[in-house]
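So the chains spell out like this:
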Amino acid sequence: MLKLSDYDYHLPEELIAQFPPKVRGTSRLLIPYHGEIRDHSFDALVEYLHPGDRIVINNTRVLPARLFGQKETGGKVEIMVERLLTETDILAQIKASKALKVGQKVLIEGEPRLEMVARDDHFFQLRTIDGSAIAQLLETYGHLPLPPYITRSDEELDQSRYQTVFNKEEGAVAAPTAGLHFTEELLDQLRQKGVDITEITLHVGAGTFQPIRSENLDEHQMHKEWISVPESAVEEIKATKAAGKRVIAIGTTAVRALESAALSGELQPFVGDTNIFIKPGFKFRVIDGLLTNFHLPKSTLLVLVSTLMGKKRIEEIYQHAVKEHYRFFSYGDSMLLVPELDRAKE
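Notes on the structure in this doc start here. On a predicted model such as this, the values are computed, not experimentally measured, just so you know. The written sequence of each chain sets the order in which its residues are numbered from 1. Local features in this predicted model are restricted to residues whose pLDDT is 70 or higher, and side-chain atom pairs enter the listing and the counts only when it is 80 or higher, whereas totals over whole chains, interfaces and linings include all residues. By convention in this description, side-chain values take in all heavy atoms of the structure and omit both hydrogens and water.

### Some words on the nonpolar core
Generally speaking, soluble globular proteins have nonpolar side chains that are buried together.
Alright, step 1. Put simply, a nonpolar core is a bunch of buried Ala, Val, Leu, Ile, Met, Phe, Trp, Tyr and Cys residues held in one set by side-chain atoms that sit within 4.5 Å of each other. The rule is simple: take the accessible area with a 1.4 Å probe, protein chains only, and divide by the maximum for that residue type; under 20% is buried, over 50% is exposed, in between is partly exposed. Counting residues in hydrophobic clusters, the biggest one holds 66 residues, and the most contacted among them are Tyr162, Tyr318 and Phe328.
Alright, step 2. Where helices and strands are cited, they refer to DSSP runs of H or I of at least four residues and of E of at least two residues respectively, numbered from the N terminus. Mapped by element, the contributors of at least two residues to this core are strand E12 (196-203), strand E13 (225-229), helix H5 (231-242), strand E14 (247-250), helix H6 (252-260), helix H7 (300-309), helix H8 (311-323) and strand E17 (334-337).
Alright, step 3. Grouped together as the second largest cluster of nonpolar side chains are 23 residues, Phe42, Phe182, Leu187 and Val195 included.

### A few points about the sheet that holds strand E6 (residues 76-84)
Alright, step 1. Strands pair, by our definition, only if DSSP identifies at least two bridges between them. Taken in spatial order, the 6 strands close into a barrel running E5-E6-E7-E10-E9-E8, and their pairing is antiparallel. Direction aside, neighbouring strands of the sheet carry axes that sit 45° apart on average.
Alright, step 2. As defined by bridge partners, E6 adjoins strand E7 (residues 89-96) across 7 bridges and the pair is classed as antiparallel. Bridge pairing in E7 places arginine 83 opposite leucine 91. Axis definition: a line fitted to C-alpha atoms, over the contacting stretch in the case of helices. Angles run 0 to 180 degrees between N-to-C directions.

### A look at the sheet that holds strand E3 (residues 54-58)
Alright, step 1. Strand order in this open sheet of 9 strands is E2-E1-E17-E16-E14-E3-E12-E13-E15, and the pairing throughout is mixed. Two strands bound the open sheet, and with one partner strand each, they are strand E2 (36-41) and strand E15 (270-274). Adjacent strand axes in the sheet meet at a mean angle of 20°, parallel and antiparallel pairs treated alike.
Alright, step 2. Along the sheet face, H7 touches strand E1 (28-33), strand E16 (289-293) and E17 and points at about 145° away from the line of E16. Contacts were defined at the residue level, with two residues in contact if any of their heavy atoms lie within 4.5 Å.

### Side note on the pattern of salt bridges
Alright, step 1. We define a salt bridge as a side-chain nitrogen of Lys or Arg found within 4 Å of a carboxyl oxygen belonging to Asp or Glu. By the definition in use, this model includes 20 salt bridges.
Alright, step 2. The closest approach of N and O atoms between arginine 66 and glutamate 78, which form a salt bridge, is 2.8 Å. Taken together, the residues arginine 66 in strand E5 (residues 66-71) and glutamate 78 in strand E6 connect sequence positions 12 residues apart.
Alright, step 3. Measuring nitrogen to oxygen at the nearest pair gives 2.7 Å for the salt bridge that ties aspartate 342 to arginine 313. Note that aspartate 342 is positioned in helix H9 (residues 339-343) and arginine 313 in helix H8, a separation of 29 residues in sequence. Comparing aspartate 342 with arginine 313 shows no difference in burial state: the two are buried.
Alright, step 4. Salt bridges here are not isolated pairs; linked through shared partners, they connect Lys312, Arg313, Glu316 and Asp342.

### Some thoughts on H8
Alright, step 1. Every helix has an expected span of 1.5 Å times one less than the residues it contains. The first and last C-alpha atoms of H8 sit 18 Å apart over 13 residues, in line with the 18 Å expected at 1.5 Å per residue.
Alright, step 2. All of the buried residues along H8 are Arg313, Ile314, Ile317, Tyr318, His320, Ala321 and Val322.
Alright, step 3. On its buried side, H8 packs onto E1, E2, E16, H7, E17 and H9.
Alright, step 4. Histidine 325 sits one or two residues past H8 and shows a positive phi near 60°.

### So, the side chain of serine 260
Alright, step 1. Mapped onto the fold, serine 260 is located in helix H6.
Alright, step 2. We call two N or O atoms a polar contact when they sit within 3.5 Å, provided that within protein one can donate a hydrogen and the other can accept it, with sequence-adjacent residues counted only if both atoms are side-chain atoms. Within the local environment of serine 260, its side chain forms a polar contact with the backbone oxygen of arginine 256, the two atoms lying 2.5 Å apart.
Alright, step 3. Those residues within four positions of serine 260 in sequence are excluded, and the remaining contacts are Ile227, Thr274 and Ile276.

### Re the packing of aromatic side chains
Alright, step 1. Only centres within 6.5 Å qualify two rings of Phe, Tyr or Trp (six-membered ring in Trp) as a pair; their planes then separate them into stacked at under 30 degrees, edge-to-face at over 60, and tilted for everything else. In this structure the tally under the stated criterion is 13 aromatic pairs.
Alright, step 2. Geometrically, the ring pair formed by phenylalanine 42 and phenylalanine 182 is edge-to-face, given 5.3 Å between the ring centres and 85° between the ring planes. Of this pair, phenylalanine 42 sits in the loop between E2 and helix H1 (45-48) while phenylalanine 182 sits in the loop between strand E11 (169-172) and helix H4 (184-193), and the two are 140 residues apart along the sequence. Take phenylalanine 42 and phenylalanine 182: they sit in the same class, and that class is buried.
Alright, step 3. Members of the aromatic cluster, connected to one another through ring pairs, are Tyr9, Tyr149, Phe294, Tyr318, Tyr326, Phe328 and Phe329.
Alright, step 4. Consider the ring centre and the ring normal. A charge sits over the ring if Lys NZ or Arg CZ is within 6 Å of that centre and within 35 degrees of that normal. In this arrangement the basic side chain of lysine 311 is found over the ring face of tyrosine 7, its NZ or CZ atom lying 5.8 Å from the centre.

### Some remarks on the environment of glutamate 199
Alright, step 1. Following the sequence through the fold, glutamate 199 ends up in strand E12.
Alright, step 2. Taking relative accessible area as the criterion, glutamate 199 reaches 30% and is therefore assigned partly exposed.
Alright, step 3. Through-space distance from the C-alpha of glutamate 199 to that of lysine 71 is 41 Å; in sequence the pair is 128 residues apart.
Alright, step 4. Among all residues touching glutamate 199, those that are not within four sequence positions of it are Ile57, Asn59, Lys168, Pro230 and Ala233.
Alright, step 5. Side-chain polar atoms of glutamate 199 contact the side chain of asparagine 59, separated by 2.9 Å.

Structure (structure tokens):
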């Protein structure tokens, strides 16, 4: 049995990054290399990628997906959007003293703007009352939904720093955090070196922060997230593979999108939902490596990187990161995980 308790580690609270680095791209980069562990600044990534390699980035844009409102009776309501369903409807988690009932309205800034129309287990379906676009409502009244381990309210700096420089497709409620390290200048350096760049989309849902509730990992049901791996991306990746070069995913979201599109055994264009859970026994068909931030104890993403690198190696990497005071989670530092690079001989 795959046990959740086997994917735990001690993290001093002071290592959880509460703010991004003052300058984008000045974070640290850990690289397992030939059985050792190297400590770099993030711009060293350029040195470890070769001409003809391809990085795959997630071009999702984070919505201002947290809304604060009231019931008509005056009770406070906090809405956390999970995903956009239509132009007028959202699926959301709701904090309130009593759960909303079908037909109940939510006031935002004193005006009734949303109505609860259906419930799906832990989630609520809400619809704009006047048929207006939900995206406009979020832009006007929403707050950026910082992760629960960031213990402050969102600030003006988060409007830009909790988005990647390549954000484009609106729909996420959390950032693809490995992408936050990139600057336009670094992307230009990679292009000049001959590294190719492919875009895909995975709209990160609030479910990414939901804890695993079962000790038996095989019993865990993953949340659904919407992905788009277009035909152009498939062709670019296949050309890279055919040339004997590497495909490096930027973030676990890119991994999950690419590997979902290859579950048939071959990478194919795919648009739709995925609930893929990458755990021991999984065969990676697309990626040769991964750039990622550090993940929470007992999380599906810690299981994912352990599946890629091996559980014992990930334990060594995390112990090193704690010892060397790396910054953890969304606004923290990153690591480049390429199994072949770590196994290679000098």
